[in-house]
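# Structural overview for review
Letter by letter, the chains look like this.
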Amino acid sequence: MAASSPSPSSPKQSRTERSLAASNSSRRSFAKILILLSSIPPLNYLYGPNLEASASSPSLQERLETKSLEKSVFNRVPGEQEYPNWMEGTWKARTTFAGYEFPSRIPKEQLVRDVSIPGFQKLSVAYIPDIGSDHDYSLRYIRDPITKKIIADTPSNLKSIIDSYTSNPDSVKSVQYDRKNPNRCTIELQQEVTRNAQRIELFTNARESQLTTTKERQDPLFITSETIRQVNLGYGEYKRSKELVLDYQLVYTFTKVDAGHINATISTVGYVQPNEAMMYSGAPMAGMNSGPVRPDITRLYNAATFPVVFYSHTLTLERCD
């Protein structure tokens, strides 16, 4: 008769085997917690669309200044972004790369190997398709004929941006955007424009804005942010379909210089994917320098929500109309 395997409490089982068993058990329990958390409905479902942020919470301007731009877990369904009247019109835009930093405790050597970090591949941030380069394009902000509010001409702006960055006026085949659902946009690219995507889906999960003035000259200052999940779809080697999911936040500051000029900045904040955060959130098992790691809920939350990369750009707008 074959000898039975030692039980977890058997003295014959090695310390390493017991650690491995404990690690596997912890991972299974941890996975259950993640599934439970992911099943919680958003706050706008629980409390309704009129949920307001705490009056004591820092403003968007304050969070931008301190770079406290964590990815929010629960969001109410955002509405279409509105802009101040002085932004109405067509503008000649120039974007200039101003630098980057890695604010996370996750080692940079690990992050640079992760293709799901926004900005590491071209067209991984649709609004800045090539993070490290400078480009000219046009932007339009139009007045809604019914509400009279100023809104972005999203299809025109995205086409102009991507065509400029790819140096091809016909790169974008179409931009599908319905203002009845301003939180989704589909960009179809011409074939062979890039290997990284043939179709781009943009899902806006949160929007925020603040109209204030600059501290020095009291110039009109408009700050806006969008938290976006981008899904790049295309075909890889041997025509196999591939998908890349990216999460990032775009924060714009627009300062009115005069009626024909606006100085702006773009801060792009990149996050890791939740499944990748698992890899970055483990801690070594007690008494072991390598090998199995134990899941840590605090580390996982921090890895999944804290910024791992900041990109900075300046943006100048000159009125064309």
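Data block above holds the structure.
Before going into details, it helps to say that this report is about the structure given with it.

Cut-off values and rules
- Residues numbered from 1 in each chain as written.
- Predicted model: local features only at pLDDT ≥ 70, side-chain atom pairs only at ≥ 80, totals over all residues.
- Heavy atoms only, no water.
- Helix = DSSP H or I, 4+ residues; strand = E, 2+ residues; numbered from the N terminus.
- Buried < 20%, exposed > 50% of the residue type's maximum accessible area, 1.4 Å probe, protein only.
- Contact = heavy atoms within 4.5 Å.
- Areas by Shrake-Rupley, 256 points an atom, 1.4 Å probe, with all protein chains shown as cover.
- Patch = residues over 30% accessible without salt bridge, like charges linked within 9 Å, V, L, I, M, F, W, Y side chains within 5 Å.
- Salt bridge = Lys/Arg side-chain N within 4 Å of Asp/Glu carboxyl O.
- 1 Å grid on protein atoms, 1.4 Å probe; cavity = no way out; pocket = protein on both sides within 12 Å on 5 of 7 lines; lining within 4 Å.
- Points joined across faces, edges and corners; volume = space filled by probe spheres on them.
- Nonpolar A, V, L, I, M, F, W, Y, C, P; charged D, E, K, R; others polar.
- Polar contact = N/O pair within 3.5 Å; in protein donor to acceptor, adjacent residues only side chain to side chain.
- Phe/Tyr/Trp six-rings, centres within 6.5 Å; stacked < 30°, edge-to-face > 60°.
- Lys NZ or Arg CZ within 6 Å of the ring centre and 35° of its normal.
- Pairing = 2+ DSSP bridges.
- Axes fitted to C-alpha atoms, helices over the stretch in contact; angles between N-to-C directions.
- Core = buried A, V, L, I, M, F, W, Y, C linked by side-chain atoms within 4.5 Å.

This next bit is on the overall build of the protein. Regarding its fold elements, the protein presents seven helices and 12 strands. When each of the 321 residues of the protein is scored for burial, the buried share is 41%. The contacts in the protein between residues at least 6 apart in sequence include a share of 66% that link residues at least 24 apart. When the accessible surface of the protein is summed, it comes to about 18300 Å², and 51% of that surface belongs to carbon and sulfur atoms.

What follows deals with a nonpolar patch on the surface. On the surface, a nonpolar cluster with roughly 370 Å² of combined accessible area is contributed by Val73, Phe74, Tyr301 and Phe306. Among the secondary structure elements, tyrosine 301 is positioned in helix H7 (residues 297–305). When its relative accessible area of 45% is taken as the criterion, tyrosine 301 is described as partly exposed.

Looking now at empty space enclosed by the protein. Here the structure, examined in full by the defined rule, presents one cavity of 30 Å³ or more. In this structure, the largest cavity occupies an estimated 410 Å³ of space. As for the largest cavity, its lining consists of 28 residues, and the residues nearest its centre are Tyr83, Tyr127, Ala152, Thr154 and Glu226. Within the residue set of the lining of the largest cavity, elements represented by two or more residues are strand S2 (135–143), helix H5 (154–165), strand S5 (184–189), strand S6 (199–213), strand S7 (220–235) and strand S8 (241–258). Classifying every residue of the lining of the largest cavity gives 18 nonpolar, six polar and four charged.

Within the fold, aspartate 144 resides in the loop between S2 and strand S3 (150–152). Here aspartate 144 falls in the buried class, since its relative accessible area comes to 6%. Within the local environment of aspartate 144, its side chain forms a polar contact with the backbone nitrogen of threonine 147, the two atoms lying 2.6 Å apart.

Here the structure, examined in full by the defined rule, presents seven aromatic pairs. Measuring from ring centre to ring centre gives 6.3 Å for tyrosine 137 and tyrosine 165, while their planes differ by 40°; the resulting arrangement is tilted. Taken together, the positions of tyrosine 137 in strand S2 and tyrosine 165 in helix H5 put the pair 28 residues apart, joining distant regions of the chain. Site record: aromatic cluster; members linked through ring pairs are Tyr83, Tyr141, Phe222, Tyr252 and Phe254. Lysine 67 extends its terminal NZ or CZ atom over the ring of phenylalanine 310, reaching a point 5.5 Å from the ring centre.

A separate point is the sheet that holds strand S9 (residues 261–271). The strand order across the open sheet built from 10 strands is S3-S2-S1-S12-S9-S8-S7-S6-S5-S4, with neighbouring strands paired in antiparallel fashion. Looking at which strands have only one partner, the edges of the open sheet turn out to be S3 and strand S4 (172–177). Sheet twist, expressed as the average angle between the axes of neighbouring strands with direction ignored, equals 30°. Pairing of S8 with S9 involves 11 bridges; the strand directions are antiparallel. Residue pairing across strands places tyrosine 248 opposite glycine 270, the latter belonging to S9. Along the sheet, H5 contacts strand S1 (89–101), S2, S3, S4, S5 and S6; its crossing angle with S2, the most-contacted strand, is approximately 180°.

This paragraph deals with the environment of valine 115. Position of valine 115 among the secondary structure elements: in the loop between helix H4 (108–111) and S2. Excluding residues within four positions of it along the chain, valine 115 makes contact with Gln121, Leu244 and Leu246.

Another aspect to go through is the environment of glutamine 110. As for its position among the elements, glutamine 110 is in helix H4. Overall, glutamine 110 belongs to the partly exposed group, its relative accessible area being 30%. Along the backbone, glutamine 110 and tyrosine 280 are 170 residues apart, and their C-alpha atoms lie at a distance of 8.8 Å.

Once that is clear, we can look at the nonpolar core. Counting residues in each nonpolar core, the largest one holds 51 residues, and the members touching the most others are Tyr141, Ile187, Leu202, Phe254 and Leu315. The contact partners of isoleucine 187, leaving out residues within four places of it in the chain, are Ala126, Leu158, Ile162, Val172, Ser174, Gln198, Arg199, Ile200 and Leu202. Ile223, Val269, Tyr271 and Phe310 belong to the second largest nonpolar core, which has nine residues in total.

Looking along a regular strand, one sees side chains alternate from face to face of the sheet. Relative to S2, S1 runs antiparallel, the two sharing seven bridges. The partner of tryptophan 91 across the bridge, within S2, is leucine 139. Examined bridge by bridge, S2 and S3 share three bridges and lie antiparallel to one another. Following the sheet pairing, isoleucine 142 is matched in S3 by isoleucine 151. Where S2 hands over to S3, the hairpin turn is made up of six residues, of which lysine 148 adopts a positive phi near 70°.

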